[in-house]
Amino acid sequence: MNDLAGKHIVLGLTGGIACYKAAELCRALIKEGATVQVVMTEAAAKFITPVTMQALSNRSVYDSQWDAREGNNMAHINLSREADAILIAPCSADFMAKLLHGRADDLLSLMCLARPIDKVPLLIAPAMNREMWAHPATQRNLAQLKADGTTVFDVGTGDQACGETGDGRMLEPEELLQDLVSFFLPKVLAGQHVLVSAGPTYEAIDPVRGITNLSSGKMGFAIARAAHEAGARVTLVAGPVSLPTPRGVERVNVRSAQNMLEASVKYAQDATVFIATAAVADWRPAQASDQKIKKDGSGATPQLDFVENPDILATVAKTPRAAAGALYCVGFAAESHDLLVHATAKRARKGVPLLVGNIGPATFGQDDNALLLVDAHGAQEVPRNSKLVLARHLVTEIARRLRATQP
Ligand code: CTP
């Protein structure tokens, strides 16, 4: 992926042990396609050398407002005018206080003050000891910085360099990368609550055995991520998969189709969009045994009877809110052939405005896929791409349809 292609980021480092993570962050930004200009405070250079940051960014580092390399000797103006964003990671408690007061006694703070405020966004990733983070002065500064238009990334929780445990760690480089990518994406689902079902279900035969399928959950998780990136509140009802939860997404783990139905109906009560990507088992054993079924030595096989599972999507699509247009339902169809015919029929059968068809065997477990979007107006092919790119495309298409249906 090149989610930051064409973006020029000024990466500001201030004094803190989390400077070691800034090295990895710099690499990650570049790997994602950005160009990175590193600017360091004097304190940051106590924790990591400009040589390291220069080697990683492939550009010489700026650390003084008196740097004579710039023809006009105005590094604070030149560097801030070129940037698509200034990201300060780590941002110390002291630097937050400086930003708040508009102080400008070193290159980085001078540059933040001198940047065109409506063109060059300022983002900060705070990093400090938990007591410093919790201090009323820091929390007051935080609130004011947000009010001034600064984007403040969350802090992590956990072990701190000082030996204490709590809030205030800088987020990991991969998390900051995701948050930055997300920052640049249009918030087409702002104000929406998107419910996504994902993964397989597991239908118990006995306490150690069950029936499931090969769904990896990757498409549903990518959609949950894309919906969050687009500004929605996202609830992800996930069958048994080991994928990491996308950032900012509320995850509800379920096992059986019955569990998934209960969770989906519950969260659908205040969702505005339901995207059913889960590969729900069509049948479950009529009676799950409480105890492990044992071989009796005769070679006889157990007799299993099945009952049909509830259709979660069709159930949610029939609720009064969905019928009234307050809950926009999107189904998926995993087919092996005749995609358009089956997807069109399935859309009508499930009673949903939009159905997304894909070829099941070609997508299960893969990182990429191709989609066919079927709605009342016809079908649109979305060519093969990574599941995240497809998810972002789908989110854009859903947002477009919501604008047409919601007042
Ligand atoms: N679905 C559901 N509950 C079920 C079965 C399916 O919510 N019990 C949803 C899936 O999440 C998907 C859509 O319905 O969004 C289509 O699933 P699919 O398995 O392709 O369709 P089926 O209804 O099972 O039809 P068939 O197996 O006959 O193709």
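These figures come from a predicted structure and were not determined experimentally. (Residues numbered from 1 in each chain as written. Predicted model: local features only at pLDDT ≥ 70, side-chain atom pairs only at ≥ 80, totals over all residues. Heavy atoms only, no water.)

A. Examining unusual backbone geometry more closely. Residue proline 90 is bonded to the preceding alanine 89 through a cis peptide linkage, with omega at 0 degrees. Inspection of the secondary structure assignment puts proline 90 in strand S3 (residues 85–91). Even without glycine at this site, asparagine 58 takes up a positive phi of about 65 degrees. Relative to the helices and strands, asparagine 58 is located in the loop between helix H3 (50–57) and helix H4 (75–82). Note on asparagine 58: relative accessible area 70%, which makes it exposed. (Helix = DSSP H or I, 4+ residues; strand = E, 2+ residues; numbered from the N terminus. Buried < 20%, exposed > 50% of the residue type's maximum accessible area, 1.4 Å probe, protein only.)

B. Spatial organisation of the site of the ligand. Every one of the 15 residues lining the ligand counts as a neighbour, but Ala276, Ala278, Phe332, Lys346 and Lys350 are closest to it. Contacts to the ligand include alanine 334, whose backbone N or O atom sits 3.4 Å from an oxygen atom. At 2.7 Å from an oxygen atom of the ligand is found a side-chain nitrogen or oxygen belonging to lysine 350. Counting only elements with at least two residues in the shell around the ligand, the list comes to helix H12 (312–317), strand S16 (328–335) and helix H14 (339–350). In terms of residue count, the dominant contributor to the shell around the ligand is S16 (4 residues). Its residues placed into classes, the shell around the ligand shows 9 nonpolar, 1 polar and 5 charged. (Near = heavy atom within 4 Å. Polar contact = N/O pair within 3.5 Å; in protein donor to acceptor, adjacent residues only side chain to side chain. Nonpolar A, V, L, I, M, F, W, Y, C, P; charged D, E, K, R; others polar.)

C. Layout of the pairing of S16. The element S16 is extensively covered by neighbouring structure, given that 7 of its 8 residues are classed as buried. Sheet analysis places S16 next to strand S17 (residues 354–359), joined by 6 bridges and oriented parallel. Its bridge partner lying in S17, glutamate 335 is registered against isoleucine 359. Since S16 and S17 lie parallel, the crossover through H14 that links them has a hand, and here it is right-handed. (Pairing = 2+ DSSP bridges. Right-handed = clockwise from strand over helix to strand, strands pointing away.)

D. Broad picture of helix H11 (residues 257–268). Taking 1.5 Å of rise per residue, the 12 residues of H11 would be expected to cover 16 Å, and the 16 Å separating its terminal C-alpha atoms lies within 8% of that figure. Restricting attention to buried positions, one finds in H11 the residues Ala257, Met260, Leu261, Ala263, Ser264, Tyr267 and Ala268. (Expected span 1.5 Å × (residues − 1).)

E. View of the packing of aromatic side chains. With the rule as written, the count across this model stands at 1 aromatic pair. Note on phenylalanine 183 and phenylalanine 184: the rings are 5.4 Å apart at their centroids and 75 degrees apart in plane angle, and the pair reads as edge-to-face. Since its relative accessible area comes to 26%, phenylalanine 183 is described here as partly exposed. Sitting over the ring of phenylalanine 184, lysine 7 keeps its end group 4.8 Å from the ring centre. Sitting over the ring of tyrosine 62, arginine 69 keeps its end group 4.2 Å from the ring centre. (Phe/Tyr/Trp six-rings, centres within 6.5 Å; stacked < 30°, edge-to-face > 60°. Lys NZ or Arg CZ within 6 Å of the ring centre and 35° of its normal.)

It is worth stressing that arrangement in space is one thing and function is another; only the former is reported here.
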